[in-house]
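# Coordinate analysis (summary)
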Amino acid sequence: MVETPGLSGYECEISNVIEEYFKPYSDDIVKDKLGNLIILKKGNTGDRKKIFLAAHMDEIGLMVKQIDEKGFIKFTNVGGIDQRTLLAQEVIVHGKVDLFGVIGNKPPHILSEEEKKKTVKMEDMLIDVGLHKEEVKEIVSVGDIISIRRKMIDLQGDRISSKALDDKAGVAVMYECIKELNKMNHDCDVYAVATVQEEVGLRGAITSTYNIFPDIGIAIDVGFASTPELTNDDLSELGKGPAMGFGANIHPKVYEGLTQIAKEYNLPYQEEIHPGETGTDAWAIQVTQSGVAAGLISIPLRYMHTSVEVVDLNDIKNAGKILANFIVSLNLVDLEEMLCY
Amino acid sequence: MFVNKINAELLKKLLMTFGPSGNEEKIRKVIKEEIQEFADEIKVDALGNLIAIKKGKGKRIMVASHMDEIGIMVTNVDDDGFLRFTNIGGVSPFMSLGQKVIFDDETIGVIGMEKLDDIKDLKLNKMFIDVGLPSKEEVIKKINVGDVASFYSPFIYQNECIISKTLDDRIGCFVAIEALKKLKDTPNEIYFVFTVQEEVGLRGAKTAAYGINPDLGIAIDVTLTGDTPKAEVMDVGLGKGAAIKVKDRSIIVSPKVKDLITEVAVDNEIPFQYEILDAGGTDSGAIHLSRSGIPSGVISIPCRYVHSPSEMVYISDVINSIKLLIKVLEKEKINI
Amino acid sequence: MLLKRLTMANGVSGNEDEVRNIIIEEIREHVDEIKTDRLGNVIAIKKGKEGFPRVMLAAHMDEVGMIVRSIDDGGFIRFSLVGGIDERILVSKQVLIGKDRIHGVIGAKAIHLQDKNERNTPLKIKQLYIDIGAKSKEEAEKLVKKGDYVAFDSEFIEFGGNLIKAKALDDRAGCGVLIDLLKEEYDVEIYGVFTVQEEIGLRGAKVAAYNADPSFAIVFEGTLCSDISEVPEHSHITKLGKGPALSLMDSYTIFSKKLNQCIHETAVENNIKIQYRQPSPGGNDAGEIHLTKEGIPCAALSVPCRYIHSPSSIMSLEDFEGCKKTAKLFLKGIKKGEYVCE
C-alpha cells in the first residue's frame, strides 16, 4: 500500500490495491462519487446498528505547475508538505507514462554563505526528468501528479519506515479489525471506509459519513510519537499501544468503551488529549447530519509528512484487536442508551 | 469588430449593477429579467440564490456563477461625518486607497487614510470614507452603520479586452446567461444558479447544491494569471483560452470531470489551458462536498488584477468559455 | 437567581453536563418535548398553533476553559486551552478541575526572582501549570486525571449600576434568555436548542439545526463589548447599557436584513433600548445554522459583555432584561403564515 501512489484527489490506483486486500473478508465493496472505498462487513442480526470506521487512503504529494523553457518542471504541493524535506528527493512524474526525476539544487560549491543559511522555497525548486522540453511536453502536462519515490524498509524489531504510513497504518488497522471480525460474532454492520482527500480538508469523510450516517464513527489515523526534539511528557510512544483520543471531538462513551476493552483483553493503549480540533476524519464525522458519536484511535508515528515515517507494527495489530473486540462488545448494548448524555 | 462578438451592452449592465455579498437584490433582478424567457422555471431560495431551470432528461447539472461582489460595510459614523468601514470579502487596503465607493442609494464616497509614518502599516481600520457631508447629522440621513457599498469604477471596452470592477464574477454570470440563451434543446437537465455570498465563503453555493442535489456541478468563475511581470508561477495567461481547473484551495477537481471537460474542448477545437490556483477557491468547493458528494469541475475565465477596481479579461477567452460550457451541457450520455 | 446558577456551573466545550442538567430541570415543565442528541445538544420543542411558522432559537451552553494534558512528577498539572483564551490572563487565577471541582491555582515565579526582561514578557501556556497542593504525582493522580476539564473559579457578583460580574456570561446570558423565553406561550412553534461546542467551532449548532427545518432562527449570545477608554470610539463593537445588540455581519454570517428590521422595530415601538453590533470579526452559532440544508435566515440578539472569555466578564442586567423582552414581544407578534417578514 505505501509504495502505490495515492495522492489526494487521485486515489483510484491505491483504492484498487486496497480493495484486493479486503475482498476475501467483506460482504460488499463500493466506491462512492468522490472515490471513497466503502467496505461492508455485515453483522449477524437484522438490527441495523451501523459502525463506521474511517482511515484515509490519500497521501500528500506534488503536482506539475509549469514546464519551463529548458524542460525543467515547476511544481506545487497537494497537502501539507515541509518544503525542507524535498531537496534531493527522487520522484515519479505521472504523465502519459511515469517519468523518473530528481528534485535538483545548486551544488554546495557554488552556494554563497548567505544562500546556505536559507531554506529553498518550493516555488524555486525544479524537477529534472532528463529530457528535452519538447519531449517533456509530449509526456507531461500541467496538473499531472508527482509522487515521492520511496521503498519501505524494515528497521530493528517490529518497526518499519516508509512514506505514506500516514494513513496506510490506519488502513492496516481496519484490515486487521475486519480480519478479526471474520473469526467473531458481531451484530452491528461495519462500514470500513478508506477515505479520500483527508490531507486537503477531510473531504472524503464529510461525504461518506453523510451517505452512511452511522451510529458510531471511529477515525483511525496516525498521531505524533515522541522523538528527541519533542520532549513533551504527554506525547505517545512508539510500541506502547495505539493512542485513544479524548476531548470534545470524541464521544465520552466511545472513548470509555475502547479503553475498557483494551484493559479487559490486556492490550496496551495510550491516551491522547485533544483540546479542540483533532485534524482527523473524526472532526468531520462528528458533525454529520444530526450528529454522530465519534471516536479516534491514533497509531503513534514519527516524522509525520516526511518520506521516512516510522511506526511499530505491534501498535497496528493491537489497534485492530481492540477495535474488533469493541465492535463485538456492542452486541449486547442498546446504543441509544449507551450514547445518551 | 469585437463589438459584434459579444453582447457588450448586457455585460456593462451586469458589471455596473450593485451587489456586494448579502445585498444581491438589484443584480438578481437584472439577471432574472434577462433570462426569464429562456428558462423553464425560475426560483429564489432562502439565501437569495437565483435558480433557473432548463428541463431535460439526462444528467442533472448545476452551473454556478456568483452574482455577489466584494465591497465594504459601514461600522461607524463619527461626529464630523467620516465613515469607518470593514471589508466584505477580500478587500486589500492598498488596492482601496484613493478609490471611490458607491452605496445602494448611489451616494459616492472617497477612501482616505489617517496619517501613517510607514505606509506598510496601512490597514482598513486606519482608513475611512468621506462622502463630502459636513456632519454626522447630515450623513446619517443617507447612510448608517450596516450600510454597504461597492467599488466604483468605469466600464472600459478597449481593443480585445474588458477592464472593469466586478468581472469577478459577473463575467461568469455573463457566460452562464449567454450559454442559457444559446442552449437549444439539451439532453441534460440544467440548473443555472446565480449564487450569493461566494466572496465571504461559498455560502450560497452550499445551500443551493443541497437543494438541487445534482449529478454534476460546474462553477464558472475568474482565475488569476501568471503572465504579468514577475508574477507568481502559474501556467494561465490571457488570450490562451478557457481555463479548466485542476485544483485550488477549495477543490481538487475529480480527474473524471477534468477529463470530461478536456475531451469536449478537444473534440470541438476550443482553446483551453489547465489551471492550478494556489490561493483562493470557488463555488465548486462547496458543491462537491454537498450531501454524499457531487463530482464537480470549474471553467475559469483568466483575469488579471482580480479584486481590484480594474480587473481585465480578454474577449476571446470569454467567447471560448461560453462555447465550452454550451458543449459540455449539450453532451449526451455523460458518464461520471 | 437562575443566572447565578448558570454561570457558577462549569461547562467547558465537550463537557457541558452541569449546565445541561440545570437547563433540563429548569425547562422540563414548560415544553412539550425535550431530547438530547448525539453531541449533547438539548433540543426543546414547544408546539405552536396551526398555520404559524416554526422558529429555531439557540444559545450555547459551553464556555472557554482548559483541559488537563499531563501530571508531572511533582504533582503539577500541565494543561491546554479549550477555545479562544488570551494566554496572558491565566496567571494568578483560581481554577476548578474535573467533576469533583478540585481547587487549583495557576501561579508564577515571584516578581523578586524575575529579571527585567521576564517582567515584560508574557508567560506562555507551556510555562504555566496548575498547583492543587499535591505533594507528588501519585497524590495528584488520585484526584485529577488526564483529560479532566478545567474551568475558572469565579464568583457571581452584583455591583455598580445594575451590573453583574461572572465567568461564562458568553453564553450563559443567552441560555438565561432562552430559558425564560421557553416559559412563555406563543402561537409559533418554538424549536429551542441549547448547543454544545460553540467555542471550538460552532459544532453543536451544525447538527442541532439539521433536523430543525425552521422558517428562521434567532441566536442569543453574550457578545463582545469594547466600549472602554483605550479603544477608540469608532471601534466600540457594542456599548454596555445601551440595550441588546443585533448583529449585522461577522466572520461567519451576513444576518437577515428583514429579521433585523422586524426585531429592531419591535424594540423601538416598545421603548426598549436596542443597538446594532458593529460589523466585526467573531462569530456565533448562526454561522452554521444559516447554511444548513437549503439555508435558514438568521438573526442574532446579544447581551453586550465586557472582558468576554475571561474569568471576570461584566454585563448589564438592563440589557439582559431588554434582550428577553424584545425577543418575547417579537415572537408573540408573529402572524400566521410562512415567514414573518415576507
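Residues numbered from 1 in each chain as written. Chains lettered and ligands numbered in written order. Predicted model: local features only at pLDDT ≥ 70, side-chain atom pairs only at ≥ 80, totals over all residues.

A word on the overall build of chain A. A tally of regular secondary structure across chain A gives nine helices and 17 strands. Over its C-alpha atoms chain A spans a radius of gyration of 21 Å, differing by no more than 12% from the 20 Å that the globule rule assigns to 341 residues. When its C-alpha atoms are laid out on the principal axes, chain A stretches across 70 × 45 × 35 Å. The burial tally for chain A puts 52% of its 341 residues in the buried class. Summarising the internal contacts of chain A: among those between residues at least 6 apart in sequence, 76% fall at separations of at least 24. (Helix = DSSP H or I, 4+ residues; strand = E, 2+ residues; numbered from the N terminus. Rg over C-alpha atoms; globule rule 2.2 N^0.38 Å. Buried ≥ 20, exposed ≤ 12 C-beta atoms within 10 Å, placed from the backbone. Contact = placed C-beta atoms within 7 Å.)

Right, let's get into the overall build of chain B. When its secondary structure is counted, chain B shows nine helices and 17 strands. Dimensions of chain B, computed from the C-alpha atoms along their principal axes, are close to 65 × 45 × 45 Å. Here the contacts in chain B between residues at least 6 apart in sequence split such that 76% fall between residues at least 24 apart.

A few words on the nonpolar core. One finds Leu53, Val173, Met174 and Ile220 of chain A together with Val63, Val175 and Leu325 of chain B to be the most contacted residues of the largest nonpolar core, which totals 177 residues. Sort the elements by how many residues they give to this core and helix 4 (residues 165-181) of chain A lands first, with 10 residues. Once residues within four sequence positions are removed from consideration, isoleucine 220 of chain A is found in contact with Leu53, Ala54, Ala55, Gly170, Val173, Met174, Ile297 and Ala319 of chain A. (Core = buried A, V, L, I, M, F, W, Y, C linked by C-beta atoms within 7 Å.)

Each partner contributes residues to the interface: chain A has 22 residues there, and chain B has 15 residues. Of all the secondary-structure elements, those providing two or more residues to the side of chain A that touches chain B are strand 4 (61-67), strand 5 (73-78) and helix 5 (203-212) of chain A. Among the elements that line the side of chain A that touches chain B, the one with the most residues is helix 5 of chain A, at five residues. Class assignment for the residues of the side of chain A that touches chain B results in seven nonpolar, nine polar and six charged. (Nonpolar A, V, L, I, M, F, W, Y, C, P; charged D, E, K, R; others polar.)

Attention now moves to the domain arrangement of chain B. Residues and elements named next belong to chain B. Its domain assignment divides chain B into domain 1 (2-69 + 165-330) and domain 2 (71-152). The centre of domain 1, based on its C-alpha atoms, is set 30 Å off from the matching centre of domain 2. Counting from both sides, the interface comprises 11 residues of domain 1 and, opposite them, 11 residues of domain 2. Taken together, the residues of the side of domain 1 that touches domain 2 sort by class into four nonpolar, four polar and three charged. (Domains from an automatic or database assignment.)

The subject of this paragraph is the confidence of the model for chain B. The predicted model of chain B has a mean per-residue pLDDT of 95, with 99% of residues at 70 or higher. Of the two predicted TM-score estimates for the complex, the pTM is 0.94 and the ipTM is 0.91. (pLDDT = per-residue confidence, 0-100.)

So, about the sheet that holds strand 11 (residues 161-164) of chain B. All names here are of chain B. Reading across the sheet, the three strands line up as 10-11-17 and stay open at both edges, with antiparallel pairing between neighbours. In the strand order of this sheet, the two ends are held by strand 10 (156-158) and strand 17 (311-314), each with one partner. Going from strand to strand, the sheet's axes swing by 20 degrees on average, the running direction of each strand aside. Examined bridge by bridge, strand 10 and strand 11 share three bridges and lie antiparallel to one another. What sits directly across from tyrosine 157, in strand 11, is isoleucine 162. Helix-sheet contacts for helix 9 (residues 315-330) involve strand 11 and strand 17, and the interaxial angle to strand 17 is about 65 degrees. (Pairing = 2+ DSSP bridges. Axes fitted to C-alpha atoms, helices over the stretch in contact; angles between N-to-C directions.)

A word on the interface of chain A and chain C. With 20 residues of chain A in contact, the opposing surface of chain C contributes 27 residues. Where the side of chain A that touches chain C is concerned, the elements lending two or more residues are strand 14 (243-247) and strand 15 (270-274) of chain A. Classifying every residue of the side of chain A that touches chain C by side-chain character gives 10 nonpolar, six polar and four charged.

Among the structural elements, glutamine 289 of chain A can be located in the loop between helix 7 (281-286) and strand 16 (293-301). Between the C-alpha atom of glutamine 289 of chain A and that of glycine 79 of chain A, which follows or precedes it by 210 residues, the distance is 26 Å. Not counting chain neighbours up to four residues away, the residues in contact with glutamine 289 of chain A comprise Tyr210 and Phe213 of chain A together with Val207 and Tyr210 of chain C.

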